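One letter stands for each residue in the lines below.
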Amino acid sequence: MTNPHTLGGGTMNGPVGANDRDFRPRNIHEMAFKLWPTSPTPFTYMTSKLPSRTVDDPEYKIFEWRLPQFLWAVANVAGADPYTITVAAGEAYGIKVGDVLEVEGTNQQYIVTVATADGQTFTVAAWATVAAPAIGDNFAWVGSAYEEGSRSPSAISRLHSVVYNYTQIFKDSTEITGTADSTRMRPKKPWPQQKAECLERYLMKHEKALMRGIRNEDLSGDHPKRTLGGLEFFITSTYAKDWAGSMSLTDLEDQLQTLFHYGSKDKLFLCGNTAIKILNRVARNHAALNFDFTNNMNTDESFGLTIKEWVTPFGILRLMPHDLMSESAVYTKDGYCLDMKYVQRVKLRGRDTKWHGKAEENDRDGKKGYYQGELGFSLALPEVHQKWTDIENYAPDA
């Protein structure tokens, strides 16, 4: 007779069956594998490492300072020398008596003799030229000229342009019963795992708000409710490029020239995987050119995130794939070209993200807690950024 407690036939035989879990404790791997081993919120992570701004009001201002205007399109010319020039409404306030203006592409120069009174018209006299200005000419500054012993010229002052945004209250909670909290569960103790998952949900929602948020305020309830404006709100259609499903090298070069016209020569391209794939396909189909996607940005500069550098003739574009965008069939084809010098994380004073434990009722047999923060976002000068949409296919140059 076979001993029921000995190994026989290559199996473990027990008095209650070979598969009884009391007699065959199974070894379970004490680790959970994450679908996204790196952060699914790289934009939040990166902005948290950059200088942030603390505000003391849920509505805050963003002040923008642009270059003074130095080109004027001539809309009308009246009279003989001297000539009364008309430009677009409000544009003539930056022109003063003594300024020397040149018609671009020519040697025709004029000196301003009468400054504007209405912001639209002013008077010029010919200076080292005999030709008359014409409608459609572009005037440009080429200095100023004053006679010996002249007094100080008229002063010109400009105001900053001002935009605003709101802080938004973000919350996400989790809870657990006392029994579950005391039960040994895999892959780890349940309460720390619950808190970690709660924080990840909180950050993912915050990340999407930074990209897709629409600035709005609702005053119809007992207390105001606000949402912040994100990248989509501030980078308007004026600064967007719809690739209409195809990207060619020629079109890409034209767009890069526009992208790096203003702002710094080092920008971030936060995008979905399809957009990166098409950029790589453009490079692969023009192998004779030097497209170097192999260099990683120094990890100290990128705060541990893996970012590929693409050195173009116009500036450096740093490629950062975004998992949440790649999950969407729509947004995987999109990307945001960002000048990070003009991007800031904003927090209301004393209201940065915090964990609030012991949120359960006094008689509750369990635990409850939540993450909360009142956060905003600042993006200045939309003309130094761009949004690219619908990058789906590579188009060979004609």
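Computed from a predicted model, the values in this text were never measured in an experiment.

Would you take a moment to explain the sheet that holds strand β21 (residues 335–338) for this structure?
The strands that make up a sheet pair up through hydrogen bonds in the backbone, lying either parallel or antiparallel. Spatial strand order, β16-β25-β21-β18-β20-β19: six strands in an open sheet with mixed pairing. Sheet topology places β16 (240–242) and β19 (308–311) at the edges, where each strand pairs with a single neighbour. Geometrically, the sheet is characterised by an average inter-axis angle of 20 degrees between neighbouring strands, direction not taken into account. Bridging between β19 and strand β20 (residues 316–321) involves four bridges; their strand directions are antiparallel. Bridged to E309 within β20 is R318. The strands that helix α6 (residues 273–284) touches are β18 (266–271), β19 and β20; relative to β18, the one it contacts most, it runs at about 120 degrees.

Help me out: how do you make sense of the sheet that holds strand β7 (residues 83–86) in this one?
An order of β5-β11-β8-β9-β10-β7-β6 is seen for the seven strands of this open sheet, with the pairing classed as antiparallel. With one partner strand each, in any of the chains shown, β5 (71–73) and β6 (76–78) form the two edges of the open sheet. The mean angle between the axes of side-by-side strands here comes to 40 degrees, regardless of whether they run parallel or antiparallel.

What's the story with the pattern of salt bridges in this structure? I'm lost.
When charged atoms on two side chains of opposite charge get close, those side chains can pair. Scanning the model with the defined rule gives 19 salt bridges in all. Across the pair E374 and R351 runs a salt bridge whose closest N-O atoms are separated by 3.0 Å. Here E374 is found in strand β24 (residues 366–379), whereas its partner R351 is found in the loop between β22 (343–348) and β23 (354–356), with 23 residues between them in sequence. Among the residues examined, E374 registers a relative accessible area of 6% and is labelled buried. We classify R351 as partly exposed; its relative accessible area is 30%.

Analysis parameters
Residues numbered from 1 in each chain as written. Predicted model: local features only at pLDDT ≥ 70, side-chain atom pairs only at ≥ 80, totals over all residues. Heavy atoms only, no water. Pairing = 2+ DSSP bridges. Helix = DSSP H or I, 4+ residues; strand = E, 2+ residues; numbered from the N terminus. Axes fitted to C-alpha atoms, helices over the stretch in contact; angles between N-to-C directions. Contact = heavy atoms within 4.5 Å. Salt bridge = Lys/Arg side-chain N within 4 Å of Asp/Glu carboxyl O. Buried < 20%, exposed > 50% of the residue type's maximum accessible area, 1.4 Å probe, protein only.

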